[in-house]
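# Summary of structural features
If you want the building blocks of each chain, they are given just below.
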Amino acid sequence: MNHDHRHHQQTQPKPGNAGHDEHEKQLKKNLPDPHGNHGGHGQQPNHAEHAGHDKHAGHTPGIFKRRFFICLLLTLPVLYFAPMFQTWFNYQAIQFSGANWVIPIFSTIIYFYGGWVFLKGAYYELRSKIGMMTLVALAITVAFVYSVAVTFGLKGDSFYWELATLVDIMLLGHWIEMASVQGASRALEELAKLVPSVAHKQVNEQIEDVPVSALIEGDLILIRPGEQVPIDGEIVEGTSSVNEAFLTGESRPVVKKANDEAIAGAVNGEGALTLKVTRTGDKTTLSQIMRMVEEAQTSKSKFQSLADRLAYWLTLIAIGVATLTFIIWLSIKPDGLTFAINRAVTVLVITCPHALGLAIPLVLVNATGMSAKNGILVRNREAFERAKSIKTIAFDKTGTLTTGHFGVQRIYTDGIDELQALGISASLESLSEHPLGQSIVEEASDRKIQLSKASDFKAVPGQGVEGVVNGQHYRVGRPEWVQELKLQFPPMLEKGLQERESRGESAIVLMDDRQVLALFGLADQVRASAREAVIKLQKMGVQVVMITGDAEAVAKTVAEDLHIDRYYARVLPQDKAALIRRLKAEKPTAFVGDGINDAPALTEADLGLAIGAGTNVAIESADLILVKSDPLDATYALKLAKATYNKMTQNLFWATGYNVVAIPLAAGIGYSFGILLTPAIGAILMSVSTVVVSLNAMSLRRIRLSD
């Protein structure tokens, strides 16, 4: 049956841009396979390294943890036999032949075993760009070499115990740091775990277990109750509730039936489903999400680049100040070689740009993790910095502010009860497949109206449907059908028709053989969350603009409903980018669209937010993707972006400001006042600054986006 004249034509999505396919080919080399087969060199990407921690290439938290505990055990005898500790705590260490060699031997083991990761890191840094590993390696090497020289006859005091405790504290700091970063950026591995490796394929009416990687488009697979969906597909048989929380963040299961789509990683509920495979390999939604997570983790923000530059210059300053400190103290205290070296080593240790190196990456990995939990996928971390300055946000109407699905807005009746009219119309339209007719059926279902059985049903091309309900003949169709049949159109219903048309809505009428009995006003339904989103954005000081290709009347109605003061109607897809350019010239502008035919506008905007809808997640032109297709998520994205920006600013301020005080103290400026920092104390202070930065970054998780 063809009722196309009864509704507004919806713009069909255009195919993705040509550059997308080429980009996909480039990405396949390094794309992680959801089934554990990683591309490239066959290795799992090191996400801590991607997060800006190349100094840890090839290292894991476990390496630092193991070396820390072993070195800690080796440090105990060093501290026990250290003369300074014996003086401080007033005890006499046990004496035996060779006791004098306990400290040098154990300290040497600690230097080479515990310090090897730093020495190796410094070696790689010196080949490219010096950084914090260079400082640590330089500090422990100076301490070790000088102490060994004293052991073999050089006049002075060794500081083996300072060396040992310094290595311990540095190992502990790096272990905590790596564990924090890796824990916050484990999204990729968690996503990979979502997909089963085996699928139940239907072959000649038999079920065979085959590897998911062997499936091709068109294959039929069985998903039993409680199992996870192994691959994207279309349901051809069965009904069940499916939990897609991993994708949308929505914990409530969604009912799926024939012709609905199921996404890999979703958990099937109580019913068995037969699925026809529609996407395989890197085309699946989950693979595309994994690629985006990886891209987000590897992308560097401007703040991170600034932190990297500051860390580099801080390293140079540390080496320069340490050298100058050594020269000055040696000239002031001619017999104070040990003191001068002690000051220089403390400067090198306390200035380690640990906090600076961690300041931005840890904020970003926490922010991207929070985004994913709230159904927002981040394609580019720089988006957080751009989003904080957004003052205008433009929404595409259809499918964004509205559902893209027609619903009953108003019912007018004459000589018949509203519920009765709805029941009769729905009984006839239930036999039709037309979307506007289905809107009436859905409305009747929502009101729990029991449908009657229709007989003598007939579809009239270009007009509507007719049939007998409860022994009476009725017609349901377009208003123009009334004139052709020369039936009576009651004045009240005719007035209602004019009202609906003035709002740009579609109308369907119910008739008997004499007159029009009821009129249904139908329109694209405004999302309930859209109203809340507009209110929240306006409270945040962000101007909301609506853009639509629909007629002026439709645009005006939706804008008034949502209290949007500024809207643009009859805007063609190719003209949206130019409009965004004009808005952007006034103030920083974000655009929310479907990401396919809105690609130019998404690219043109200062911040592009694409409506994901669960299937079009690989949208190359957007910065952020709203998986749940909920406009309210746009407010969450802006709120999170501002909080992220604030955390990055705070961390940079602390990480750099701390050194303004720490470096002079380490150099011995407070010596005359009795304030003197040992290398171990310097290492503790440096670690404290790292902890402060880490805790500040992780406090981002406590922000409630829905408030």
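The structure we're discussing is the one just above.
This report concerns the structure included in the present document. (Residues numbered from 1 in each chain as written. Predicted model: local features only at pLDDT ≥ 70, side-chain atom pairs only at ≥ 80, totals over all residues. Heavy atoms only, no water.)

## Quick notes on the overall build of the chain
Selection criterion: In DSSP terms, a helix is any run of H or I states spanning at least four residues, a strand is any run of E spanning at least two, and both are numbered starting from the N terminus. Whether a residue is buried, partly exposed or exposed follows from its accessible area with a 1.4 Å probe, protein chains only, as a fraction of its type maximum: under 20%, in between, or over 50%, in that order. Surface accessibility in these figures is a Shrake-Rupley result with a 1.4 Å probe; residues are shielded only by whichever protein chains are displayed.
Check the secondary structure of the chain and you find 26 helices and 22 strands. Sorting the 707 residues of the chain into buried and exposed places 54% on the buried side. A total of about 31,600 Å² of accessible surface is found on the chain, and carbon and sulfur atoms cover 56% of it.

## Some thoughts on the sheet that holds strand S6 (residues 254-256)
Our working rule: By this definition, two strands are paired if DSSP reports at least two bridges between them.
With respect to topology, three strands assemble into an open sheet ordered S6-S5-S8, the strand pairing being antiparallel. Where the open sheet ends on each side, the last strands, each with one partner, are S6 and strand S8 (267-268). For strand S5 (residues 240-243) and S8, the ladder comprises two bridges, and the chain directions are antiparallel. Its bridge partner lying in S8, Asn-243 is registered against Val-267.

## Here's the deal with a nonpolar patch on the surface
Which entries qualify depends on this criterion: What makes a patch is a set of residues exposed beyond 30% relative accessible area and free of salt bridges, joined within 9 Å when like-charged and within 5 Å when nonpolar (Val, Leu, Ile, Met, Phe, Trp, Tyr). For this document, the term salt bridge refers to a Lys or Arg side-chain nitrogen within 4 Å of an Asp or Glu carboxyl oxygen.
Where nonpolar side chains cluster on the molecular surface, the patch consists of Trp-654, Ile-681, Ile-684, Leu-685, Val-688 and Val-692 and spans about 460 Å² of accessible area. In terms of residue count, the dominant contributor to the nonpolar patch is helix H26 (residues 679-698) (five residues). Within the element layout of this structure, Ile-684 appears in helix H26. Classification of Ile-684 as partly exposed rests on a relative accessible area of 40%.

## Brief notes about the packing of aromatic side chains
Rules: Between the rings of Phe, Tyr and Trp (Trp by its six-membered ring), a pair exists once the centres lie within 6.5 Å; its type follows the angle of the planes, with under 30 degrees stacked, over 60 edge-to-face, and the other angles tilted. Lysine NZ or arginine CZ positioned within 6 Å of the ring centre and within 35 degrees of the ring normal marks a charge as sitting over the ring.
As enumerated under the stated definition, the model contains 19 aromatic pairs in all. Here Phe-69 and Trp-175 contribute two aromatic rings whose centre-to-centre distance is 5.8 Å and whose plane-to-plane angle is 65°, an arrangement assigned as edge-to-face. Here the residue Phe-69 occupies a position in helix H3 (residues 61-81), and Trp-175 occupies one in helix H8 (residues 160-184), the gap between them amounting to 106 residues. Owing to a relative accessible area of 41%, Phe-69 belongs among the partly exposed residues under this scheme. Put simply, the rings of Tyr-80, Phe-81, Tyr-91 and Phe-96 pair up and form one aromatic cluster. We note Arg-475 situated over the ring of Trp-481; from NZ or CZ to the ring centre the distance is 5.9 Å.

## Brief notes about the side chain of Thr-413
Selection criterion: A 3.5 Å cut-off defines polar contacts: any pair of N or O atoms within that distance qualifies, except that in protein one atom must be a possible hydrogen donor and the other a possible acceptor, and neighbouring residues in sequence count only when both atoms are side-chain atoms.
Mapped onto the elements, Thr-413 comes out in strand S12 (residues 402-413). A distance of 3.3 Å separates a polar side-chain atom of Thr-413 from the backbone oxygen of Ile-416.

## Some details on the nonpolar core
Rule in force here: Each nonpolar core is a collection of buried residues, namely Ala, Val, Leu, Ile, Met, Phe, Trp, Tyr and Cys, held together in the definition by side-chain atoms within 4.5 Å. Whether two residues are in contact is decided by their heavy atoms: any pair within 4.5 Å suffices.
Counting residues in each nonpolar core, the largest one holds 58 residues, and the members touching the most others are Ile-393, Leu-607 and Leu-609. Looking at this core, the element that brings in the most residues is helix H25 (residues 632-667), giving 12 residues. Leaving out residues up to four positions away in the same chain, Leu-607 has contacts with Ala-383, Arg-386, Ala-387, Ile-390, Thr-589, Ala-590, Phe-591, Asp-623, Leu-624 and Leu-638. Core analysis: the next-biggest nonpolar cluster, separate from the first, contains 55 residues, Ala-93, Ile-103, Leu-135 and Trp-161 among them.

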